[in-house]
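These are the residues of each chain, in order.
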Amino acid sequence: MMPLERNPLSKNRVRCSRLLLFSMVCVMMFIRCSPEKEAPLSDFDVLFDVNGVERTVYDFESTYVEHLIATGRSDTREERSAHLNKMIDDILLAESAVQKGLTSHATYRSALQHQERKSMIDTYFVDRMEEVIDPLTDEEIRLAYAKRQRKVFIRQLYSKNPADLESAYEELESGENFVDVANRFYETSSYDSLAGYLGPVSYFGIDDAVAEAAYSIPQGEYTKPIRSRLGHHIIYVEYIEFPALLAEDEYQYRKQGVASQLRLRRQRMVSSDYIFELMSGLNVETNRDNILALQDAIANLDGDRILEEPQLAEETETIWTDDRVEQLAASMASDVVLATYVLNDQPYEFTFGEYINWLPYLSFQESKVRLGASVGRGMRNQVLYELATDKQYDAD
């Protein structure tokens, strides 16, 4: 990472260093709070402030726990410190980019256009989900509110491959201790009492499937292997921290917000069925020769990264960097047809150029080892984009 030059941001860095010390104390209190603590930080308490840009306890917890889940790492002070530093650095770098006029750079403009397209399909998709989900009942909202007030401390066994969890689940079913199984599963060099430990998670602060699993079993129990958007997990509930009471006036005050969060979760969890039905009715036909040519082009990419920021080893091959996209874009003509489909009785072609447009939101690793699935995801995004455009979402 390039050092910041002497400019107004240098004072900000000093300020952030002081904030970091305070923030670390806050985070440790939040993550490690014991049942005896009477006033833990709430989700929307401000954890730190960088030049007027605030980040809350919820901002930290939700991104930190997702980081732990995605990487399989355990909750430690070092991990918390690194994640907190990254959140602060991201804000500082964004401010530096604005001050240096990089918002007019072609790369930034291109990224903005990509995000506008992505926002269109996200908004369209949410609206369609509203149409297929039953209205929430007061009982369902109350239950979600009660879960939201709890704090569940969990461990996990995690893998991208569901087969990796089979033997571990059998060991748990035979009565073995979860921590013992976790040490063998993660092949720790010495016995680690924190093996698989994620710490406290909030009901709306983590992946939907993980949250529903963790909040549906009692303390001291574990789940069957579950699938999330991040991979496959076995979740163990180590401890549940319940609120002292659930006040009716507090529920009425929070009801609308809880209902919105619960509705969004329902939308996301039924989305796979909606997408399956949508794509199944498109009469998709792939062009085998062009797919094979694309496969060869991806296999020949050198994989160099543009930004040499610290990366976890398991992340180094998952990202479509700008460099990779540019190399691939130069390898084939943009109008090469990868597949055809029929949408609303009209024929469409899914081209190499359209696939390139969606690469920033796709996995580089999947493109290399499961190109058919990757092309399918790109085409799914393009179909949603066509539907959103037809409904004039680009005018919103």
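Analysis parameters
Residues numbered from 1 in each chain as written. Predicted model: local features only at pLDDT ≥ 70, side-chain atom pairs only at ≥ 80, totals over all residues. Heavy atoms only, no water. Phe/Tyr/Trp six-rings, centres within 6.5 Å; stacked < 30°, edge-to-face > 60°. Helix = DSSP H or I, 4+ residues; strand = E, 2+ residues; numbered from the N terminus. Buried < 20%, exposed > 50% of the residue type's maximum accessible area, 1.4 Å probe, protein only. Lys NZ or Arg CZ within 6 Å of the ring centre and 35° of its normal. Contact = heavy atoms within 4.5 Å. Core = buried A, V, L, I, M, F, W, Y, C linked by side-chain atoms within 4.5 Å. pLDDT = per-residue confidence, 0-100. Pairing = 2+ DSSP bridges. Axes fitted to C-alpha atoms, helices over the stretch in contact; angles between N-to-C directions. Expected span 1.5 Å × (residues − 1). Lys, Arg positive; Asp, Glu negative; His and termini not counted. Salt bridge = Lys/Arg side-chain N within 4 Å of Asp/Glu carboxyl O.

Asks: I'm lost on the packing of aromatic side chains in this one. Help?
Replies: Aromatic ring pairs: the centre-centre distance and the angle between the two ring planes describe each pair. In this structure the tally under the stated criterion is 14 aromatic pairs. Here the aromatic rings of Phe 178 and Tyr 236 are separated by 4.8 Å at their centres, their planes lie at 15°, and the arrangement is stacked. Here Phe 178, found in helix H7 (residues 178-185), pairs with Tyr 236, found in strand S6 (residues 232-241); they are 58 residues apart in sequence, far enough to count as distant. Each of the two residues, Phe 178 as well as Tyr 236, counts as buried. Through a chain of ring-to-ring contacts, three or more aromatic side chains come together here, namely Tyr 203, Phe 204 and Tyr 215. Positioned above the aromatic ring of Tyr 385, the side-chain terminus of Arg 117 is 4.2 Å from the ring centre.

Asks: Before we go on, may I ask you to explain the environment of Ile 121 in this structure?
Replies: Within the secondary structure, Ile 121 is located in helix H4 (residues 106-132). The buried category is assigned to Ile 121, whose relative accessible area is 3%. Sequence separation of Ile 121 and Tyr 393 is 272 residues, and the distance between their C-alpha atoms is 8.5 Å. Ile 121 has contacts with Trp 358, Asn 381, Leu 384 and Tyr 385, leaving out every residue within four places of it along the chain.

Asks: It is not clear to me how the side chain of Glu 366 should be interpreted in this structure. Could you clarify?
Replies: Tracing the backbone shows Glu 366 in helix H13 (residues 364-369). If we skip the residues at most four places from it in the chain, Glu 366 touches Leu 371, Ala 373, Ser 374 and Arg 377.

Asks: Which parts of the structure should I look at to understand helix H5 (residues 138-148)?
Replies: Along an α-helix, a turn takes 3.6 residues, which lines up residues three or four apart on a common side. Buried residues of H5: Ile 141, Ala 144, Tyr 145, Ala 146, Lys 147 and Arg 148, and no others. Check the buried side of H5 and you find it contacts helix H8 (208-214) and helix H9 (248-280).

Asks: I would appreciate a short explanation of the nonpolar core in the present structure.
Replies: Considering soluble globular proteins, one finds that nonpolar side chains tend to be buried as a cluster. Counting residues in each nonpolar core, the largest one holds 42 residues, and the members touching the most others are Leu 294, Ile 298, Trp 320, Leu 328, Tyr 355, Leu 359 and Val 383. Among the secondary structure elements, those contributing two or more residues to this core are H4, H9, helix H10 (288-299), helix H11 (322-329), strand S8 (337-343), helix H12 (352-358) and helix H14 (371-390). Considering each element in turn, this core owes the most residues, 8 residues, to H14. Residue contacts for Val 383: discarding those within four places in its chain leaves Leu 278, Met 279, Leu 282, Tyr 341 and Leu 343. Ranked by size, the runner-up nonpolar core spans 41 residues in total, among them Phe 60, Met 87, Ile 88 and Leu 262.

Asks: For this particular structure, what's the right way to read the confidence of the model for the protein?
Replies: Per-chain confidence: the protein averages 84 in pLDDT, with 85% of residues scoring 70 or above. When pLDDT is averaged over each helix and strand of the protein, the minimum, 45, is found for helix H1 (residues 8-32) and the maximum, 97, for S8. The model gives residues 20-39 a pLDDT under 50, and that stretch makes 40 contacts with residues more than four places away or in other chains. With pLDDT under 50 throughout, residues 303-316 is counted as low confidence; its partners more than four residues away or in other chains account for 20 contacts.

Asks: Just to check I follow, could you spell out the sheet that holds S8 for this structure?
Replies: Whenever strands of a sheet pair, they do so through backbone hydrogen bonds, lying parallel or antiparallel. With antiparallel pairing, the 3 strands of this open sheet are ordered in space as S7-S8-S9. If you trace the sheet from one side to the other, it starts and ends with strand S7 (285-286) and strand S9 (346-351), each paired once. With 2 bridges joining them, S7 and S8 adopt antiparallel strand pairing. Within S8, the residue paired with Thr 286 across the bridge is Ala 339. The sheet strands contacting H14 are S8 and S9, and the helix crosses S8 at an angle near 45°.

Asks: Help me understand the pairing of strand S3 (residues 151-159), please; the structure alone is not making it clear to me.
Replies: When a strand is regular, its side chains alternate between the sheet's two faces. Buried residues dominate S3, accounting for 9 of its 9 residues. Residues of S3 alternate between two faces, with Lys 151, Phe 153, Arg 155, Leu 157 and Ser 159 on one and Val 152, Ile 154, Gln 156 and Tyr 158 on the opposite face, all of them buried. As paired elements, S3 and S6 share 9 bridges and run antiparallel to each other. Residue pairing across strands places Ile 154 opposite Val 237, the latter belonging to S6. One ladder, built from 4 bridges, connects S3 with strand S4 (residues 197-201); its direction is antiparallel.

Asks: Any chance you could explain H9 here in plain terms?
Replies: In this model H9 runs 46 Å from its N-terminal to its C-terminal C-alpha over 33 residues, within 8% of the 48 Å that 1.5 Å per residue would give. For H9, the complete set of buried residues consists of Tyr 251, Val 258, Ala 259, Leu 262, Arg 265, Gln 267, Ser 271, Tyr 274, Ile 275, Leu 278 and Met 279. Close packing links the buried residues of H9 with H4, H5, H8 and H14.

Asks: Which parts of the structure should I look at to understand the side chain of Lys 147?
Replies: Topologically, Lys 147 is positioned in helix H5. As a buried residue without a salt bridge, Lys 147 has its nearest oppositely charged side chain in Glu 212, at a separation of 4.3 Å. Not counting residues within four places of it along the chain, the set of residues in contact with Lys 147 comprises Tyr 203, Glu 212, Tyr 215 and Ser 216.

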